[in-house]
Amino acid sequence: MYIGQYKMRWMFFVIGLLVMGIGVALTIRGKQFGLGGWDVFHYGLWKQFGLSIGLWSIIVGISIILFTVAVTKTLPKMGVYMNMFLFGMFIDIFNYILPEVHGFWLQLIVYVAGVVILAFGIALYITPQLGAGPRDTFMLLIIDKTGLSLSTARTLMEVIVMFAGWLLGGPVSFGTLFITFMLGPMIQRFMPVTKRLLEIWVKPATYKM
């Protein structure tokens, strides 16, 4: 075990979550184009019940973890908990920091940038393999229990939460469909880049415990 490499992998993981938070906050600035399925749901909960979008992300994550533990009788990895709390916190931080954007074209630019940044952030946090988020863990549970393919299970889950969020008043538009069906391929495109970045980061940290 190389302690330097281990620390670098966790740093990579946290930076990925931070980048994801920026991406989501940017898409919220261009919300007229529609948010991703889970973000539509969190936004709808915030609109109906208050609190904050990031806090609702954490609350929903906790609910999913409790359900998953009840079904599988096993506790998730540490990375699942860190993903849940840090991602929600970063969404709220950047949603507070980033200024409002006005005008169709400027909002469109910000929205597209947000989607790209979100995809890159997801690739960053996945690459160290330190634990998927509660929603991805739930998706894997669905696959295990139903035998559905990964793409089918993910799309089904996204559509259900998107519809629930829409009923709560969350913003749904063509951008929602774009995120639902194109985010996966974009993440796949970024994976070779993030894997190479991780290799560059961890190679200098080779001293043993």
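Residues numbered from 1 in each chain as written. Predicted model: local features only at pLDDT ≥ 70, side-chain atom pairs only at ≥ 80, totals over all residues. Heavy atoms only, no water.

Draft legend 1. A look at the packing of helix α3 (residues 53-72) against helix α4 (residues 78-97). It is at 7 Å that the axes of α3 and α4 come closest, and there the two elements cross at 165°. If you check the angle between α3 and α4, you find them roughly antiparallel. At the point where α3 passes α4, the crossing takes the right-handed sense. Across the interface between the two elements, I53, G54, L55, S57, I58, G61, I62 and I65 from α3 touch V80, Y81, M84, F85, F87, G88, M89, I91, D92 and N95 from α4. In terms of residue class, the contact of α3 with α4 is made up of twelve nonpolar, five polar and one charged. (Axes fitted to C-alpha atoms, helices over the stretch in contact; angles between N-to-C directions. Helix = DSSP H or I, 4+ residues; strand = E, 2+ residues; numbered from the N terminus. Parallel < 35°, antiparallel > 145°, perpendicular 65-115°, else oblique. Left-handed = near helix turned anticlockwise from the far one by under 90°. Contact = heavy atoms within 4.5 Å. Nonpolar A, V, L, I, M, F, W, Y, C, P; charged D, E, K, R; others polar.)

Draft legend 2. Structural context of the packing of aromatic side chains. Under the definition given, this model contains eleven aromatic pairs. Seen in terms of ring centroids, Y43 and W46 are 5.0 Å apart; in terms of plane orientation they differ by 70°. Their pairing is edge-to-face. Of the two residues, Y43 and W46 both sit in helix α2 (residues 37-49), three residues apart, roughly one turn of that helix. With relative accessibility at 10%, the residue Y43 sits in the buried group. Taken together, the ring pairs in this structure connect F33, F104, W105, Y111 and F174 into an aromatic cluster. (Phe/Tyr/Trp six-rings, centres within 6.5 Å; stacked < 30°, edge-to-face > 60°. Buried < 20%, exposed > 50% of the residue type's maximum accessible area, 1.4 Å probe, protein only.)

Draft legend 3. Fine view of α2. For α2, built from 13 residues, the straight-helix expectation of 18 Å at 1.5 Å per residue is met to within 8% by its first-to-last C-alpha distance of 18 Å. Among all positions of α2, only G37, W38, D39, V40, F41, H42, Y43, G44 and L45 are buried. (Expected span 1.5 Å × (residues − 1).)

Draft legend 4. Structural view of the nonpolar core. If you look at the biggest cluster of nonpolar residues, it comprises 30 residues, and the most contacted ones within it are L17, M20, I122, L183 and I187. Within the residue set of this core, elements represented by two or more residues are α1 (3-29), α2, α4, α5 (104-126) and α8 (174-202). Contacts of L183, omitting those with residues within four sequence positions, involve V115, L118, A119, I122, R154 and F178. Membership of the second largest hydrophobic core comes to twelve residues, among which are F41, V60, A153 and M157. (Core = buried A, V, L, I, M, F, W, Y, C linked by side-chain atoms within 4.5 Å.)

Draft legend 5. Geometry of the environment of V24. Structurally, V24 is set in helix α1. A C-alpha to C-alpha distance of 8.7 Å links V24 and G36, two positions twelve residues apart in sequence. Each residue touching V24, except ones within four places of it in the same chain, is listed here: D39, F87, I91 and L118.

Draft legend 6. Fine view of the environment of G61. If you trace the backbone, G61 turns up in helix α3. Using a relative accessible area of 0% as the deciding quantity, one classes G61 as buried. Remark: the alpha-carbon pair of G61 and V80, spanning 19 residues in sequence, is separated by 9.2 Å. Excluding anything up to four places from it in sequence, G61 contacts M84, P134 and R135.

Draft legend 7. Structural detail: the UniProt feature "transmembrane region" (unreviewed entry) in the protein chain. The UniProt record marks residues 12-29, 49-71, 78-98, 104-126 and 163-187 with the feature "transmembrane region" (unreviewed entry), using the residue numbering of this structure. For residues 12-29, the helix share is 100%, the strand share is 0%, and the end-to-end C-alpha distance is 26 Å. Taken end to end, residues 49-71 comprises 87% helix and 0% strand; its first and last C-alpha atoms sit 28 Å apart. (UniProt positions renumbered as here; feature names shortened; annotations may be inferred.)

Draft legend 8. Representation of helix α6 (residues 134-146). Counted at 1.5 Å a residue, the expected span for α6 with its 13 residues is 18 Å, and the 18 Å between its end C-alpha atoms agrees. If you check which residues of α6 are buried, you get P134, R135, D136, M139, L141 and I142. Following α6 by one or two positions, G147 has its phi on the positive side, about 80°.

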